[in-house]
Amino acid sequence: MEGPRLEEAGEEQRQEKKKQQPQRYWKGEASQQEGAGPAGARRDRRKKKVVSAVAGGRSRLSGKTDPFPGAAAVRRERVQKFQRGAPGKPGTASSKRLRAHLAAQEEKAEAAARQAARMELLLLEEPGYLEGEEGEDTCSIAQADIAAAVDLAAGAKHFELRLSQFGPYRVSYTRNGKHLLLGGRRGHVAALDWQTKALMCEVNVMESVTDLTWLHTETMFAVAQRRWLYVYDNQGVELNCLKRFHGVQRMEFLPYHFLLATASETGFLQYLDVSVGKEVATICTKGGRLGVMAQNPANAVVHLGHSN
C-alpha cells in the first residue's frame, strides 16, 4: 500500500509546482540586495554614470571633469561681423507679450551670429586679390601673367575672346554665372555657356546696340537697339518687339519682381512686366538723357545718373 501512496504524494507535489507562478528575476531575493548578481551590478554602474554626467553638467560619463566646459568662446569683433544692424530694445515695447517676443528674437539673432562666427574657421577659401611689387602699377599686368601665376583649377577658367570689329561691347551674366551674353555697339549679339565654351547663338541685328541683359531664365534676353526694345530666345529668334520702349540706353532686370527697368535717352524710366509683356509704369525724371543705371540687389532700388 505504501507504493501507491508515495506515487500519489509525488503527483500532488508536481501539480502544486505547476500551479505556482513562475519566479521572475526582479522578484527574487537576489534582486533585493544591492549589487547582487551581474545584472544588478551593471544597472548600478549605469546609474552612477548617468548621475556623474548630469551633476553640474561638466563631468563626463567616465567621471572626469571637462577642462573646457561650455561652448568655445568667440571674440566680439568676429560676432559683430555677422550681425545685421544694431540690436533692438525690447524694453521699449508697450505689451509684455511683445517684449518677450522681441527678446526671444534678439537671442536667436545673437546665437546665429555667434554660430556663424564660430564656423568661420571652417571656411578655407579666401577672396583673391592682385598685389603688385613696390613701384609697379597693377594695370600693366597682363591677363596671361595672372593665369600663369594662379593654380591649375583657376587657370582653367581663363579664356580670351578677340572681338575687335564690332565693339565696344556690353556684357551680361545669368544669376548663376553660367551663361554669358555679349552685345557690340555695331549690332553683334552672342550668347554662350562660358564654362563649356559652347556657343548658343550669334546674330547681327543690323542696328546699333546700346545695352542687353538676361531675363528670368537663360532662354530669353532683351536687347536695346537703336529704335526699340527687342526680346530674343537663346537661339537668336526674335520673340517680341516693344515699340513703347523707344531709345533705351540702359536696362536692369529685377529677378524677384519679374520687372525689366529701362532708362531712355528722353529721360523716361519705364518698367516692363516680363510675365505678361506689358508696360506697368512710366516715370518722367525730367533730368535729360539717362546714360547711367544700376540697381541695389538687396532691395531692388534703381539708381539713375543724369547729365546734370
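Residues numbered from 1 in each chain as written. Predicted model: local features only at pLDDT ≥ 70, side-chain atom pairs only at ≥ 80, totals over all residues. Heavy atoms only, no water.

Caption draft 1: Geometry of the environment of L260. Secondary-structure assignment places L260 in strand β10 (residues 259-264). Distance from L260 to A222, taken between C-alpha atoms, is 9.0 Å for residues 38 residues apart in sequence. Discounting chain neighbours no more than four positions away, the residues touching L260 are T213, L215, A222, L229, M251, E252, F253, Q270, Y271, L272 and V274. (Helix = DSSP H or I, 4+ residues; strand = E, 2+ residues; numbered from the N terminus. Contact = heavy atoms within 4.5 Å.)

Caption draft 2: Structural context of the layout of surface pockets. In this structure, the largest pocket encloses a volume near 430 Å³. Around the largest pocket, the lining comprises 24 residues; the ones closest to its centre are Y173, R175, T213, F253 and Q295. Where the lining of the largest pocket is concerned, the elements lending two or more residues are β1 (169-173), β5 (209-214) and β9 (248-254). Residues of the lining of the largest pocket, tallied by class, amount to eleven nonpolar, eight polar and five charged. Approximately 310 Å³ is the volume attributed to the second largest pocket. Along its surface, the second largest pocket is lined by Q143, I146, A147, V150, A154, K157, H158, F159, E160 and W194. Looking at which element gives the most residues to the lining of the second largest pocket, the answer is helix α6 (residues 143-149), with three residues. The class makeup of the residues in the lining of the second largest pocket is six nonpolar, two polar and two charged. (1 Å grid on protein atoms, 1.4 Å probe; cavity = no way out; pocket = protein on both sides within 12 Å on 5 of 7 lines; lining within 4 Å. Points joined across faces, edges and corners; volume = space filled by probe spheres on them. Nonpolar A, V, L, I, M, F, W, Y, C, P; charged D, E, K, R; others polar.)

Caption draft 3: Quick peek at the sheet that holds β1. Pairing is antiparallel in the open sheet, where four strands are placed in the order β1-β2-β3-β4. The open sheet terminates on both sides in strands that have one partner only, identified here as β1 and β4 (198-204). Recorded for the sheet is a direction-independent mean angle of 15° between the axes of neighbouring strands. Summarising the sheet, strand β3 (residues 188-193) and β4 pair through six bridges and their orientation is antiparallel. Note on β4: the bridge partner recorded for V189 is V203. (Pairing = 2+ DSSP bridges. Axes fitted to C-alpha atoms, helices over the stretch in contact; angles between N-to-C directions.)

Caption draft 4: Looking closely at the confidence of the model for the protein. Confidence in the prediction of the protein, expressed as mean pLDDT, is 81, and 79% of residues score 70 or more. Contacts for the low-pLDDT stretch residues 29-35, under 50 throughout, to residues beyond four places or in other chains number eight contacts. With pLDDT under 50 throughout, residues 50-57 is counted as low confidence; its partners more than four residues away or in other chains account for seven contacts. (pLDDT = per-residue confidence, 0-100.)

Caption draft 5: Molecular detail of the pattern of salt bridges. Tallied over the entire structure, the rule returns seven salt bridges. Between E160 and R162 there is a salt bridge, with its nearest N and O atoms 3.4 Å apart. We classify R162 as exposed; its relative accessible area is 72%. R244 is paired through a salt bridge with E279; the nearest N and O atoms lie 2.6 Å apart. Highlighted residues: R244 in the loop between β8 (238-242) and β9 and E279 in strand β12 (residues 278-284), separated in sequence by 35 residues. (Salt bridge = Lys/Arg side-chain N within 4 Å of Asp/Glu carboxyl O. Buried < 20%, exposed > 50% of the residue type's maximum accessible area, 1.4 Å probe, protein only.)

Caption draft 6: Spotlight on the nonpolar core. Ranked by size, the top nonpolar core spans 14 residues in total, and within it L215, L229, M251, L260 and L272 carry the most contacts. Elements supplying a minimum of two residues to this core: β6 (220-225), β7 (229-233) and β9. Here L272 is in contact with L229, L242, F245, F258, L259, L260, G277, K278 and E279, once residues within four sequence places are set aside. In this structure, L181, V189, C201 and V223 belong to the second largest nonpolar core, which totals 13 residues. (Core = buried A, V, L, I, M, F, W, Y, C linked by side-chain atoms within 4.5 Å.)

Caption draft 7: Looking closely at the pairing of strand β13 (residues 290-296). Pairing between β13 and strand β14 (residues 301-306): six bridges, direction antiparallel. Looking across to β14, one finds that V292 is bridged to G305.

Caption draft 8: Spatial organisation of the sheet that holds β5. Strand order across the open sheet formed by four strands is β5-β6-β7-β8, with antiparallel pairing between neighbours. Across the chains shown, the open sheet's two edge strands, defined by having one partner strand only, are β5 and β8. Across the sheet, the mean angle separating the axes of adjacent strands is 20° when strand polarity is ignored. Strand direction decides the pairing type here: β7 and β8, joined by four bridges, are antiparallel. Looking across to β8, one finds that Y232 is bridged to E238.

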